[in-house]
Amino acid sequence: MSPGRPLNNAQEQANDLREKVLKEARDAEKEQREAEREQKAVDRVNRQRQAVDTVLGGTEGIGGTAAAMGAPEVGLPVAEGFDKHVHPWFFFIVALLLHAFDVINGFSRSAGQATVMFLLYALFTFWAIFFYYRTGLTKDSGRYVGVSLVAFALPYIFLIPAFNGGYVPLIVTLLPVWALYIALEQDSALWLKRIAKLYIVILIFLLFIMLIARVQLPGVSSPAVLIGQSAKRFWTGVTDAWANIWLKLKSANIFNVAMWKQKINETFNPEAQFYLGQVEQNQKQPQGVYITQLQSLYPVTYVGQQPAVIGRIEAKTFLPGGGVNVTPSCRLERAGKTGYVGTPDRTGTILVNEYLPVDVTCTFPADPNMTIGTYYGVLGAAFNFETWAYVTDTFVARSAIVNEQQQGRDIHTDLGIDPTTTAIYTNGPVSIGILADQQPIAIDPDAPTGSFISQRFGFTVANVWDQGMIEGGSVEAEVLVPQPFQLKEGSCLPTGWTGQPTTDANGMTHYLFTRDNSLQIDARNDYRTVTCQLILPDKQSAEQVLSFGEKTPVTFVVIARYKYDIEQKVPVRVEK
């Protein structure tokens, strides 16, 4: 054996050992990668299962029960692209766009705009809960609902007198609630969270400066006094706002049990219908009386001085002459405090028309004991007005309808009859709806007397302006029915017409419904419906209607006359 042999054996053993170590390291690395892939798959399945269990009822739902029994954890295949940290920017941008839409609409919370914004925020919340955060219906989802409610309700701050002007609209515009929330909860984009925090600090600082800047106290320079006075004004504004809200709740009679019983009875009473109509094409030229450009004469009224407001009364009507007689009125009010009756500079009845608007100045008594705070100067206008409405029904012989049906034909196509009809009413503070049945309406001359047609006639007079109301007990309605049609005596609900019907030279029979019986409309019941039976008195009348051709269009008219009260109010600041 040569001396170099042991050395060679040692070298071979070292090489073998190195290869073995490298192989074990590669195997260990491979096993680690496989374990990591398996763990990722398990985590993904568990997240999916948790989301499904949450929707189905939490840990006690289907998935939770299966896991408790030792069943394998399974989930539905969900794309990882829905993970909340994958597309936070898209979610953030959509939130900004939603806020921008609200800004463009002036944060309007009128009936229609409020419904639209509520639905948009509801859809955004649904997206956040089930597709972005994927929490399902858990306690976490309540947080997202709360964020949407804050974003939706924030513009209502303008209803508080202390916040109805100045810089507050700017602050609300710069406060995209959802976008800030998304930025603040970002863990994958810490710099965005820092920017959001800094943005909020700047907003708070600006709000503080703006509140101080709004305070105007002659001879006062102490910052502490300024802050104290500002806080006092704010608290006075809050208490005034709450007092106004409480007063409106009481005046609306929502605590009146008898009123609620009446509403429930009307809802389920088959005679308590609400017939609809459509405003005519002049809707872009509103008709009625309007109060515009109302403002306080002084930025601040000091105790002992006479508060005063000025506004413009305008009018437009479709009636010949175009003039409306208006009686202005004035008052200064503050919820829970003594009010003041004002004096308009135009007393009595004044004529207002489209080309002659009238400016009215209201002055109120100077009271050295007047309480400081925000009052409301109210300019009112009472006026008599008319609204007209009509509907056209189409009458066809019953035999023609049966014949068309037997042949499998469409009578609407063959005779050019619209299957629906709608009442049209003139624009103004009151709407008139008229019952409009499916067209055409059948007439059977061979039917027994009293059954030539089976048709009702009904109309609804309703208040539509939210800044005014029909003066209680002032409504009367006149129904014009073309001969030979008649309203059946004693068939009208809730009560019948007044006096005897009259017929004019045009062959229209006039039925007068007055406030003395059926048309009692007031603040608690802002509409009234009357329903009657429409008849043809005899066989000759039925044949007369059908003698005009295959189809006979007939137009019915309703005229509502009423006294209407409108008012506008403007804040009046009273200081010492």
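Coordinates for the structure precede this section.
Given the structure is predicted, the values throughout are model-derived calculations rather than measurements. Residue numbers restart at each chain and count upward from 1, following the sequence in its written direction. Confidence filtering applies because this is a predicted model: local features only for residues at pLDDT of at least 70, side-chain atom pairs given and counted only at 80 or more, and all residues used for totals across whole chains, interfaces and linings. The side-chain quantities take in all heavy atoms of the structure and omit both hydrogens and water.

(A) Region of the structure containing the pairing of strand 9 (residues 358–363). Pairing of strand 4 (residues 308–316) with strand 9, which is carried by six bridges, proceeds in the antiparallel orientation. Opposite Arg312, over in strand 9, you have Asp359 as the bridge partner. DSSP calls a pair of strands paired once it identifies at least 2 bridges connecting them. Runs of H or I in DSSP of at least four residues are treated as helices and runs of E of at least two as strands, each being numbered from the N terminus. Here strand 7 (residues 343–344) runs beside strand 9; their pairing, made up of two bridges, is antiparallel. Among the inter-strand pairings, Pro344 is bridged to a residue of strand 9, identified as Cys362.

(B) Seen up close, the sheet that holds strand 9. Taken together, the four strands give an open sheet; going across it, the order is 2-4-9-7, and neighbouring strands pair in antiparallel fashion. Looking along the sheet, the strands with just one partner apiece sit at the ends: strand 2 (288–296) and strand 7.

(C) How the structure looks around the pattern of salt bridges. Each salt bridge in this description consists of a side-chain nitrogen of Lys or Arg and a carboxyl oxygen of Asp or Glu lying within 4 Å of one another. Within the structure shown, the criterion is met by eleven salt bridges. Salt-bridge contacts for Glu333 lead to Arg331; the nearest nitrogen and oxygen are separated by 3.1 Å. The salt bridge involving Arg409 is made with Asp414; its shortest N-O contact spans 2.9 Å. Taken together, the salt bridges that share partners define one network made up of Arg331, Glu333, Glu567 and Lys569.

(D) Region of interest: the sheet that holds strand 14 (residues 455–463). Sheet architecture is open: four strands sit in the order 12-14-20-17, paired in antiparallel fashion. Only two strands of the sheet have a single partner each, and these edge strands are strand 12 (430–434) and strand 17 (486–487). As paired strands, strand 14 and strand 20 (residues 527–535) are joined by eight bridges and run antiparallel to one another. Each residue of the ladder has a partner; that of Val461, found in strand 20, is Arg528.

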